[in-house]
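What follows is the residue order along each chain.
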Amino acid sequence: EMQQLLLSDWEQTILKVAHQEMYHLANVCNLLSAIGCAPQFSRPNFPQSLKKYYPFDFELERFGDNALYRFIVFELPEGEPPPEPPIQETGGFKLMSMNFAGAPDPIIYNHIGELYRQIAEGFKTIDEQELFIGPKLNQDTEDWSLRLKLFLVKDRETALAAIDEIVVEGEGSPGNRIDSHYDKFLQLRQSYKNELLKDPLFDPSRPVVPNPQTRIHRGTIGETNVVTNAVSLKVAELFNSVYSTMLMMMTQYYSYSGEPLPVREMLRDSSRRMMSAIVRPLAEMLTEMPFSDDPARGNAGPGFEIYGPLNLASTFENKCKILFERIAQHINDSEDIIKHEDQYLVLNRMARIKESLEGTYLNLQTQLTTI
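Residues numbered from 1 in each chain as written. Predicted model: local features only at pLDDT ≥ 70, side-chain atom pairs only at ≥ 80, totals over all residues. Heavy atoms only, no water.

(A) View of the nonpolar core. Core analysis: the largest hydrophobic core is formed by 52 residues, its most contacted members being Met 246, Leu 282, Leu 347 and Met 350. Within the residue set of this core, elements represented by two or more residues are helix H1 (2-34), helix H7 (230-254), helix H8 (261-286), helix H9 (316-338) and helix H10 (350-369). The biggest single contributor to this core is H7, with 14 residues. What Met 350 contacts, discounting residues up to four positions off in sequence, is Leu 238, Leu 282, Met 285, Ser 334, Ile 337 and Ile 338. Core analysis: the second largest hydrophobic core is formed by 15 residues, Leu 31, Ala 34, Ile 112 and Phe 151 among them. (Core = buried A, V, L, I, M, F, W, Y, C linked by side-chain atoms within 4.5 Å. Buried < 20%, exposed > 50% of the residue type's maximum accessible area, 1.4 Å probe, protein only. Helix = DSSP H or I, 4+ residues; strand = E, 2+ residues; numbered from the N terminus. Contact = heavy atoms within 4.5 Å.)

(B) Quick peek at the packing of aromatic side chains. Under the criterion given, the structure shown has 13 aromatic pairs. Aromatic side chains Trp 10 and Tyr 192 sit 6.0 Å apart centroid to centroid with 65 degrees between the ring planes, which places their arrangement in the edge-to-face category. Residue Trp 10 is found in helix H1, and its partner Tyr 192 is found in helix H6 (residues 181-198); the two are separated by 182 residues along the sequence. With a relative accessible area of 3%, Trp 10 lands in the buried category. These aromatic residues form a ring-pair network of at least three members: Trp 10, Phe 63, Tyr 192 and Phe 202. Over the aromatic face of Tyr 307 sits the side chain of Arg 215, whose NZ or CZ is 4.1 Å from the ring centroid. (Phe/Tyr/Trp six-rings, centres within 6.5 Å; stacked < 30°, edge-to-face > 60°. Lys NZ or Arg CZ within 6 Å of the ring centre and 35° of its normal.)

(C) Inspection of the side chain of Ser 292 at higher detail. With respect to the helices and strands, Ser 292 occurs in the loop between H8 and H9. At a separation of 3.2 Å, a polar atom in the side chain of Ser 292 contacts the main-chain amide nitrogen of Asp 294. In contact with Ser 292, not counting residues within four places along its chain, are Thr 228, Asn 229 and Arg 297. (Polar contact = N/O pair within 3.5 Å; in protein donor to acceptor, adjacent residues only side chain to side chain.)

By themselves, these figures tell us nothing about what the structure is for.
Written as structure tokens, this is what we have:
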């Protein structure tokens, strides 16, 4: 019972960080919109080794010392020494300067806060009249019902405030790291180690295989585990497709092209609803389903795969048509998965997920027919 309480506390800590990262993303999108740019949610699929995109190996793995160490390194304040690495280190935790060739000036950094400080220098250097050319309608200022702070970026002062908020919440401020993401993960890792000392058999996570994928992707670097159980594969593919649709909704929301306000609000609210009512439960289901037909080999998990470019159509009507088609396909795929409920009890949640998809489809249809 005590371990269950401990796990609940850890879950709440990580969930709070995730919520804060969501509004960090929203603030970054506001920064981009303020200077006339559209957000880009495309990225390489996992795993990625210490080479090009990150200052350390980036893999999908279950909760444990390796994952916690990576979280700490990701939020490591400049000047702070890295923590002691995991005993069974899998490699890839060595920090490395990132040098993006082809940019006007190479972007070199070892710490996320260092990267944001370089971005802040750009906002300090470029003339405000030349820099802040984006319409304010592109930006998100609603609090997501989570009492999170979003910045309407309209000038240098508000841009720097938004950047400072992201940095301080992630790594803390010099001399005061309390309640930062860095501090939270340090405390969580220590708590995890303490529990292992008391109970060496303690295992707080499901036996999810590292880097679960539905297929091999060009550009991934490292070991992947392709899901071979037929039903788990269907759920994993639905997860990835819904995840991409959510990203497309967010891109359309932040890339203003004349959508009426009710449609923009619908895109914003629907993308958030998909996060909590569809993406999250699908991910949880996958962690309880077999990776292959041999349950002893471990469980599946969400791969966050992006199957292709997340490009938007050039017209508002076509953007909406594509969303209609994608969500309709998600509903059909959900119905197909529900047929296997008798095989996997965990699938009894699919009916709720299908209802959420149908509600999203209806909301989109209602808004568009009232224009």
